[in-house]
Amino acid sequence: MARVLMPRGRFADRLAAPLPGFGDVMRLMWAGAGRPLADDVDRVPVLRTGLPPVTAGDTALTWVGHSTYLVRTGGVSVLTDPVWSTRIPGVPRRVTPPGVAFSDLPPVDAVVISHNHYDHLDAPTIARLPRRTPVLVPLGLGRWFRARGFTRVVELDWWESAEVAGLRFDFVPAQHWSRRGLHDTCASLWGGWVITGDRRLYHAGDSGYGPHFAEIGRRMPGIDAAMVPIGAYAPRWFMRPVHIDPEEAVRAVGDLGARRAASMHWGTFRLTREPLTEPLTRLRKAWQEAGRDPADLWDLAIGETRFL
């Protein structure tokens, strides 16, 4: 398989595998694998019934869509990779609406960003946030937020932490990459987040499968719920280094030592070749085959909330 030289960005040495080269992209397009299917969009579960109330003692996860979760815990509200836009550059328009209207959000106490790809860092959505909203981002990405007027920006390297609104936020490794323009490949870091308060939660961002999941589990034991991606994995020869598939997601949850899995990164944008609902079907099957308790698989509908 043809590969390009490793990028020369600031964080290129964090790549776990070379990125696809021009020949790989041409092979993908020639095979038609870049044209995603959408014939099962009506089977993506959507539940737009509003946000249930929470108390200061509750921990609730609401899947807004793609990698966006509203996390409410200990009286604090956190948004992960917020994307409310109908369109993002480079892919067809959103196929399912956000599960929560932006205007229905509670006051947001913190935002966490996993990396700068457009389906995780959405400029129009960020522009709707108050500029004093605390934002936690990977190294190299703070400048982007400060240029847009945000005054409470925290940049973290892997295994660094910060406290915001009484919660601890640890930035942890992922097997992925970053790029937003033509000349900024790996100029900023990428990763996941462990959020610790009354409960311990994990948000993977984007990642291929690797030993970092087990390392996170060793360093951050007692994860109550892991928000893990299950979609955008086909074809595997192209996507394997940077996106886990549903079976790998179940393995990753086991490596993390997490009690529950909350699925994400599917059913919102047509990014890759697999049918939109295939990730959910494969996830349920893999979870059952792993002998995990069905009650611990949070295969949420878009807009659905579950309580710990």
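Look above for the structure.
Quick caveat, the model's predicted, so the values are computed rather than measured.

Q: Would you mind going over helix α7 (residues 278-289) in detail, with residue names and values included?
A: Between its first and last C-alpha atoms α7 spans 17 Å; for twelve residues at 1.5 Å apiece the expected length is 16 Å, and the two agree. Among the residues of α7, those classed as buried are Pro 279, Leu 280, Leu 283, Ala 286 and Trp 287. The buried residues of α7 all sit within an arc of 130 degrees when viewed along its axis, so they share a single face. Opposite the buried face of α7, at more than 90 degrees from it, the exposed residues are Gln 288 and Glu 289. Residues of α7 that are buried in the fold lie against α6 (246-256), β12 (260-264) and β13 (297-298).

Q: How would you sum up the packing of helix α4 (residues 212-219) against α6? Please name residues and give values.
A: Look at α4 against α6: their axes get within 7 Å of each other, and the N-to-C directions meet at 30 degrees. The pairing of α4 with α6 is recorded here as roughly parallel in orientation. Viewed along their axes, α4 and α6 form a crossing whose handedness is right-handed. The segment α4 lies against α6, with Phe 213, Ala 214, Ile 216 and Gly 217 engaging Ala 252, Asp 255 and Leu 256.

Q: Which residues make up the nonpolar core, and what values go with them?
A: In this structure, Leu 61, Tyr 69, Val 78, Leu 136, Phe 169 and Tyr 202 are the most contacted members of the largest nonpolar core, which totals 68 residues. Take this core: its biggest share by element is five residues, from α6. Once you skip the residues sitting within four places of it in the chain, Val 78 turns out to touch Tyr 69, Leu 70, Val 71, Ala 110, Val 112, Leu 167, Phe 169 and Ile 195.

Q: Go over α6, please, and point to the residues and values.
A: Listed in full, the buried residues belonging to α6 are Pro 246, Glu 248, Ala 249, Val 250, Ala 252, Val 253 and Leu 256. The opening residue of α6, the one whose side-chain oxygen lies 3.2 Å from the backbone nitrogen of Glu 247, is Asp 245. Phi turns positive, to about 75 degrees, at Gly 257, one or two residues after α6.

Calculation criteria
Residues numbered from 1 in each chain as written. Predicted model: local features only at pLDDT ≥ 70, side-chain atom pairs only at ≥ 80, totals over all residues. Heavy atoms only, no water. Helix = DSSP H or I, 4+ residues; strand = E, 2+ residues; numbered from the N terminus. Expected span 1.5 Å × (residues − 1). Buried < 20%, exposed > 50% of the residue type's maximum accessible area, 1.4 Å probe, protein only. Arc of directions from axis to C-beta. Contact = heavy atoms within 4.5 Å. Axes fitted to C-alpha atoms, helices over the stretch in contact; angles between N-to-C directions. Parallel < 35°, antiparallel > 145°, perpendicular 65-115°, else oblique. Left-handed = near helix turned anticlockwise from the far one by under 90°. Core = buried A, V, L, I, M, F, W, Y, C linked by side-chain atoms within 4.5 Å. Polar contact = N/O pair within 3.5 Å; in protein donor to acceptor, adjacent residues only side chain to side chain.

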